[in-house]
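Below, each chain spelled out in residue letters.
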Amino acid sequence: MSEEENFNKSSPASPRAPESQSGRRHWLLAGVGMAAGLGGALFAWQKFQPKGVMNEAVQNFWVQEFEKPEGGTLSLQSMRGKPLLVNFWATWCPPCIEELPLIDAFYVANQSKSLQVIGLAVDQPSMVRRYLGQKPLNFPIGLAGYSGTALGQSLGNQQNVLPYSLLFDANGMLLKQKAGKLEQSDLDAWLRSVI
């Protein structure tokens, strides 16, 4: 066999070896990238999900009292016995301001069904009063101030996300939590779970 024949026989095998290694490397890197992406997505999803709430924190919630913007006191103990939607919000929070009319309309439409709604303003009282003077709400508001952040954390809002909403059943047990803006579909589903 001549040198040229030997070269032609070995020649096709040589280019395939690097192609094969390159292809495997490509798929290996793609697999590692996908695994890292999925891991990051899972981490982010878990990080921003409301955390489980201990019974002690729920019991502590029901003994809270807040000043109302118009004067007087909002006692949570007086609200036991009926389902209660609680919304933590602030005037400086655009998604909070966007969802307040939705929550207000939901309250008006469903208060005859014994559903209660309160808003806990995690904000300066003067800012809350100014906002409510321009855009009044039908449901009660409590001035939680910045201590409302710690209350929200104790009730599962570990990332201090606003708005943050909770649903309690008529027995005072926490049923639902949502970090972020409520949608009509959330409110409808929550209503079905307590009525």
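Residues numbered from 1 in each chain as written. Predicted model: local features only at pLDDT ≥ 70, side-chain atom pairs only at ≥ 80, totals over all residues. Heavy atoms only, no water.

**Some remarks on the confidence of the model for the chain**
Link 1 in the chain: In this model, the chain carries a mean pLDDT of 84, and residues with pLDDT of at least 70 account for 73%.
Link 2 in the chain: Ignoring residues within four places in sequence, the model shows residues 41-51, a span with pLDDT below 50, making 12 contacts including any to other chains. (pLDDT = per-residue confidence, 0-100. Contact = heavy atoms within 4.5 Å.)

**Considering the state of the cysteines**
Link 1 in the chain: Summed over the entire model, instances satisfying the criterion amount to one disulfide.
Link 2 in the chain: Across the disulfide, Cys93 is cross-linked to Cys96 (sulfur-sulfur distance 2.3 Å). Judged by the sign of its S-S torsion, about 75°, the bond between Cys93 and Cys96 is right-handed. (Disulfide = S-S within 2.5 Å.)

**Re the packing of helix α4 (residues 94-110) against helix α7 (residues 184-194)**
Link 1 in the chain: Axis separation between α4 and α7 bottoms out at 11 Å; the angle between their running directions is 30°. In terms of their interaxial angle, α4 and α7 are classed as roughly parallel. The handedness of the crossing between α4 and α7 comes out as right-handed. Side by side, α4 and α7 meet where Leu102, Phe106 and Asn110 of the first sit next to Gln184, Leu187 and Leu191 of the second. (Axes fitted to C-alpha atoms, helices over the stretch in contact; angles between N-to-C directions. Helix = DSSP H or I, 4+ residues; strand = E, 2+ residues; numbered from the N terminus. Parallel < 35°, antiparallel > 145°, perpendicular 65-115°, else oblique. Left-handed = near helix turned anticlockwise from the far one by under 90°.)

**Some words on the packing of aromatic side chains**
Link 1 in the chain: Taken as a whole and judged by the stated rule, the model has six aromatic pairs.
Link 2 in the chain: Measuring from centroid to centroid gives 6.2 Å for Phe88 and Tyr164, while their planes differ by 45°, and the two rings are tilted. With Phe88 in strand β3 (residues 84-89) and Tyr164 in strand β6 (residues 164-168), this pair connects stretches of sequence that are 76 residues apart. The pair formed by Phe88 and Tyr164 is uniform in burial state, with each residue classed as buried.
Link 3 in the chain: Measuring from ring centre to ring centre gives 6.2 Å for Tyr107 and Phe139, while their planes differ by 70°; the resulting arrangement is edge-to-face. Placement of Tyr107 in helix α4 and of Phe139 in the loop between α5 (125-134) and β5 (141-143) is noted, with a sequence separation of 32 residues between them. No difference in accessibility class separates Tyr107 from Phe139, as the two residues are buried.
Link 4 in the chain: Grouping aromatic residues by their ring pairs yields a cluster made of Phe61, Trp62 and Phe168. (Phe/Tyr/Trp six-rings, centres within 6.5 Å; stacked < 30°, edge-to-face > 60°. Buried < 20%, exposed > 50% of the residue type's maximum accessible area, 1.4 Å probe, protein only.)

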